[in-house]
Amino acid sequence: MLVRELRRILPAASVIDDAESLRPYECDGLPAYRQMPLVVVLPETVEQVQQIMRLCHEQRVPVVARGAATGLSGGALPLADGVLLSLARFNRILAIDPLQRSARVQPGVRNLAISEAVAHLGLFYAPDPSSQIACTIGGNVAENAGGVHCLKYGLTVHNVLELKLVTADGELVTLGGPALDAPGYDLLALMIGSEGMLGIVVEVLVKLLPMPARAQVMLAAFDDLEKAANAVGEIIAAGVIPAGLEMMDGFAIRAAEAFVHAGYPVDATAILLCEVDGSNEEVSDHVALVRNLLLRLGATEVRTARDEAERVSFWKGRKSAFPAVGRISPDYYCMDGTVPRRNLARALTGISELAERYQLPVANVFHAGDGNLHPLILFDANQPGELQRAEDLGGEILELCVQVGGTITGEHGVGHEKLHQMCVQFTPAELNQFRAVKAAFDPEGLLNPGKVIPQPRHCSEYRALGPEARMAPSQRGGEGA
Amino acid sequence: MSGAADQTGPLQQQVAEACGSGTPLQIQGGGSKAFYGRPAGAGKPLVVTGHRGIVCHEPKELVVTARAGTSLEELEATLAAEGQMLPFEPPCFAPGATLGGAVACGLSGPARPYRGAVRDFVLGLRLINGRGEVLRFGGEVMKNVAGYDVSRLMTGALGTLGLILEVSLKVLPRPEQELTLVQERSEAEAIEQMNRLAGQPLPLSAACHDGLNLYLRLSGTDSAVQAARGLLGGEMLEKGRDYWRGVREQTHGFFCDDAPLWRLSLPSAHPPLDMPGRQFVDWGGAQRWLISDQPAATLRRTLERAAGHATLFRGGDRTGEVFHPLSPALQRIHRQMKRAFDPLGILNPGRLYRDI
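Residues numbered from 1 in each chain as written. Chains lettered and ligands numbered in written order. Predicted model: local features only at pLDDT ≥ 70, side-chain atom pairs only at ≥ 80, totals over all residues.

When helices and strands are counted, chain B shows 11 helices and 17 strands. Computed over the C-alpha atoms, the radius of gyration of chain B is 21 Å, within 12% of the 21 Å expected from 2.2 N^0.38 for a compact globule of 356 residues. Taken along the three principal axes of its C-alpha coordinates, chain B extends 65 × 50 × 35 Å. Burial status across chain B gives 55% buried among its 356 residues. At a minimum sequence separation of 6, the contacts of chain B that also span at least 24 residues come to 68%. (Helix = DSSP H or I, 4+ residues; strand = E, 2+ residues; numbered from the N terminus. Rg over C-alpha atoms; globule rule 2.2 N^0.38 Å. Buried ≥ 20, exposed ≤ 12 C-beta atoms within 10 Å, placed from the backbone. Contact = placed C-beta atoms within 7 Å.)

With that settled, consider the overall build of chain A. Regarding its fold elements, chain A presents 19 helices and 20 strands. In terms of C-alpha radius of gyration, chain A reaches 23 Å, essentially the compact-globule figure of 23 Å for 481 residues. Oriented by its inertia axes, the alpha-carbon framework of chain A measures out at about 70 × 60 × 40 Å. When each of the 481 residues of chain A is scored for burial, the buried share is 58%. Considering only contacts in chain A between residues 6 or more positions apart, those separated by 24 or more positions represent 71%.

With that settled, the discussion passes to the nonpolar core. Soluble globular proteins tend to bury their nonpolar side chains together. Among the nonpolar cores identified, the biggest contains 263 residues, and A:Val206, A:Ala220, A:Ile271, A:Leu272, A:Ile377 and B:Leu163 are the most heavily contacted of them. If we skip the residues at most four places from it in the chain, B:Leu163 touches B:Leu11, B:Val15, B:Ile27, B:Leu46, B:Val48, B:Leu127, B:Ile128 and B:Leu347. (Core = buried A, V, L, I, M, F, W, Y, C linked by C-beta atoms within 7 Å.)

Interfaces are often sized by the accessible area lost when the parts come together. Taken together, the contact pairs 74 residues of chain A with 66 residues of chain B. Sorting the residues of the side of chain A that touches chain B by element identifies α8 (187–191), α9 (225–237), α11 (280–296), α16 (419–425) and α17 (428–441) of chain A as the ones contributing at least two each. In terms of residue class, the side of chain A that touches chain B is made up of 36 nonpolar, 25 polar and 13 charged. (Nonpolar A, V, L, I, M, F, W, Y, C, P; charged D, E, K, R; others polar.)

Okay, the sheet that holds strand β6 (residues 102–105) of chain A next. Residues and elements named next belong to chain A. Ordered by their spatial adjacency, five strands build an open sheet running β5-β6-β10-β8-β9, and the pairing between neighbours is antiparallel. Every interior strand has two partners, whereas the edge strands, β5 (93–97) and β9 (172–176), have only one. For this sheet, the mean inter-axis angle between neighbouring strands, taken without regard to orientation, is 15°. Pairing between strand β8 (residues 160–166) and strand β10 (residues 200–207): six bridges, direction antiparallel. When the sheet's bridge partners are listed, Lys 164 is paired in β10 with Glu 203. (Pairing = 2+ DSSP bridges. Axes fitted to C-alpha atoms, helices over the stretch in contact; angles between N-to-C directions.)

Residue and element names in this part refer to chain B. What the domain assignment reports for chain B is domain 1 (8–173), domain 2 (177–249) and domain 3 (253–314). When each unit is reduced to the centre of its C-alpha atoms, the spacing between domain 2 and domain 3 is 22 Å. Taken together, the contacts link 12 residues of domain 2 with 10 residues of domain 3. Those elements giving two or more residues to the side of domain 2 that touches domain 3 turn out to be α7 (187–198) and β11 (204–209). With seven residues, the top contributor of residues to the side of domain 2 that touches domain 3 is α7. (Domains from an automatic or database assignment.)

Residues and elements named next belong to chain A. With antiparallel pairing, the seven strands of this open sheet are ordered in space as β15-β12-β14-β13-β18-β20-β16. One side of each edge strand has no neighbouring strand; the edge strands of this open sheet are β15 (301–304) and β16 (331–334). Pairs of neighbouring strands in the sheet enclose a mean axial angle of 20°, with direction left out of account. Of the strand pairs in this sheet, strand β13 (residues 244–249) and strand β18 (residues 362–366) are connected by two bridges, and their pairing is antiparallel. By the bridge assignment for β18, Met 247 is matched with Phe 366. Across the sheet, α9 lies against β12 (214–222), β13 and β14 (270–278), angled at about 15° from β14, the strand it touches most.

The next subject is the domain arrangement of chain A. Residues and elements named next belong to chain A. Entries for chain A in the domain assignment read domain 1 (2–86), domain 2 (93–210), domain 3 (214–323) and domain 4 (328–475). The gap between the C-alpha centroids of domain 1 and domain 4 is 27 Å. With 16 residues of domain 1 in contact, the opposing surface of domain 4 contributes 16 residues. Mapped by element, the contributors of at least two residues to the side of domain 1 that touches domain 4 are α3 (46–59) and β3 (63–66). Of the residues forming the side of domain 1 that touches domain 4, the biggest block, three residues, is contributed by β3. For the side of domain 1 that touches domain 4, a count of residues per class yields 10 nonpolar, five polar and one charged.

Laid out in structure tokens, this is it:
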């Protein structure tokens with residue numbers, strides 16, 4: 001019935017409902033959770049999206065939007081009784097305005113494609129999540145994506161000027177605009193990071209920044225994790241805002257080195273990669289300052305990339321750290337908590353204690369400058385119980401982040417994955433307020449229902465387990481996959 | 001510090017009582033921006049100035065958390081002592097301006113196009129909603145995507161969605177060097193040049209045009225600022241700091257006028273607007289001040305054609321809509337959002353728009 005109606009709106013090839021063709025849509029970048037959707041639609045125009053939403057609204061059918069499906073929290077996990085709306089065909093850059101420094105793009109445009117399209121103008125789009133080759137701007141908006149350079153250049157919310165979105169009842173609304181602000185509530189900021197629960201983004205106006213005249217990266221080796229963590233805060237306290245400030249632990253260093261031969265010191269306990277950019281003079285000043293500081297703070301070695309080739313090589317090791325770890329372990333589970341920088345060492349120690357208790361190795365590769373941890377839990381899904389143990393360990397790591405003053409997700413989103421931890425981070429009244437915000441946009445609860453905001457019953461059950469019971473994997477509540 | 005006090009309890013009680021009786025509340029801070037927005041109607045005053053004090057400032061974290069009644073003066077002095085600053089340069093307009101008022105009004109100074117607006121630096125806050133519940137959103141960390149971004153939604157909402165109790169802000173190190181260059185330019189030339197320069201890797205931190213001259217502020221390391229100065233040329237302005245303070249605080253001569261003052265927000269590269277009245281171009285072209293007696297409707301039509309919007313900032317007829325009217329679809333979302341936070345409509349009703 002619904003499928004027949006959808007075929008009236010869209011060409012036959014844009015409506016998929018046979019099991020074999022639906023299969024690729026059953027999960028996103030977190031394959032631990034899988035669900036076949038009722039039907040997949042691939043609209044090509046804003047009008048088609050509006051028609052689909054009107055139809056689904058009329059029939060009270062839930063809709064999950066999907067970009068490139070690189071998300072790591074199960075945010076684009078389909079619903080068995082719902083429509084999966086893919087924005088893959090919205091893949092055009094509509095306009096570039098060099099003087100105004102903005103680009104108008106469709107949501108299915110890949111993140112990196114924007115920077116590539118404006119490079120000849122000396123401009124770039126700043127947020128650069130690790131998946132930037134594949135992930136799309138629509139998904140970046142849904143997750144408020146960050147990346148290596150957000151310490152200096154901000155997150156998606158700081159780099160988007162305007163969104164056009166289709167509401168749950170099919171209306172087209174514009175939030176923000178080409179000016180620096182818009183009248184009324186800052187709904188643009190609210191929409192960014194709302195994980196597809198408030199509207200379907202169909203057009204994005206992004207801000208472009210001038211490419212820095214020069215960038216220089218330094219690699220500092222440490223024989224002690226705490227010294228490295230301490231250096232992070234000291235660099236920033238010295239008045240330098242690095243373009244990127246990343247940390248890798250020994251496990252990650254060795255995995256990356258074995259994989260891409262970046263020239264990393266494999267006997268180090270931790271390394272920091274610190275990139276400074278700006279004018280030629282500024283970079284020279286900052287390199288000297290940071291170098292001396294790092295040595296004074298106990299770095300066993302500080303290397304400044306001699307040329308562009310070495311700079312690229314230093315970063316290549318960092319960027320390939322996830323696949324490098326993937327090479328040595330059958331499976332890995334990537335976490336995403338943020339802690340205040342001053343508690344980095346405490347969080348890392350806590351993580352290694354938890355890893356010990358769960359008997360699973362954890363590698364750490366992360367955005368140290370903004371305290372955004374990405375512990376990688378290594379496991380083997382073919383060993384009975386290991387996936388569950390990895391998930392339990394992950395959940396505890398996130399709760400540890402909350403305990404030390406941080407948050408359960410810095411840039412991957414809550415999605416389906418972190419519903420339990422939302423109950424830990426927020427009070428029932430706060431969760432209720434989130435539900436009211438959702439209802440203001442989507443009173444019938446048709447957009448990506450069940451994600452991000454746990455139901456009150458879910459939380460009361462989870463809280464009732466108590467901290468002791470929650471630690472026992474066998475007794476953990478939850479819906480699983 | 002002197003007079004620091006946590007009044008969360010009494011404030012919550014007052015909101016809860018008002019909620020019980022359906023009594024509208026008029027949130028009052030330092031009163032420095034009482035002129036802004038639509039006039040406060042009848043309602044019981046809810047005074048926040050006693051809820052003050054810096055809760056936490058960790059210089060290495062680049063984060064400061066303070067209660068809403070803390071004066072901007074105290075906050076800025078605390079940051080300056082550690083070589084830091086509020087990057088968005090909030091205007092005070094009068095002594096006694098508070099942090100809560102700065103965030104609720106969402107106003108940013110000359111650095112806005114280059115460093116960001118208030119909302120860009122809000123990391124988290126605590127608030128009391130219209131049901132009298134104390135809620136906390138966001139936090140003290142740079143990256144946080146757990147739940148909706150309610151903290152930024154509060155910025156510029158003029159207290160109509162919640163009483164802001166406490167705000168955590170990202171702060172930045174003060175630049176080592178700062179100087180201002182002056183060049184004689186027509187308005188059209190200045191707008192074009194400001195936009196061109198913003199697309200180049202220069203340590204630009206403010207750019208305005210007063211009708212005769214273009215003013216460019218450079219901030220950064222001494223070496224970077226001197227190099228850019230050589231590249232750009234122009235006269236160096238003495239007392240550059242005072243000049244920009246005048247622009248931010250509206251003590252600059254341009255603003256000394258009793259006629260209505262409009263704030264026009266539009267795409268920065270838009271050519272000069274041909275309108276009756278006097279204009280001052282700030283924010284590299286993206287914010288233009290207009291002193292004019294033109295009817296609101298005519299003015300707003302012009303701004304809509306320019307893809308911008310107009311706010312009646314000071315003076316004029318404030319009984320109508322002061323902020324640019326919203327499209328019907330957006331109006332509906334605004335009403336629903338108001339209801340989501342303040343179902344009885346007791347928080348600053350009518351201050352932002354007549355019906356919310």
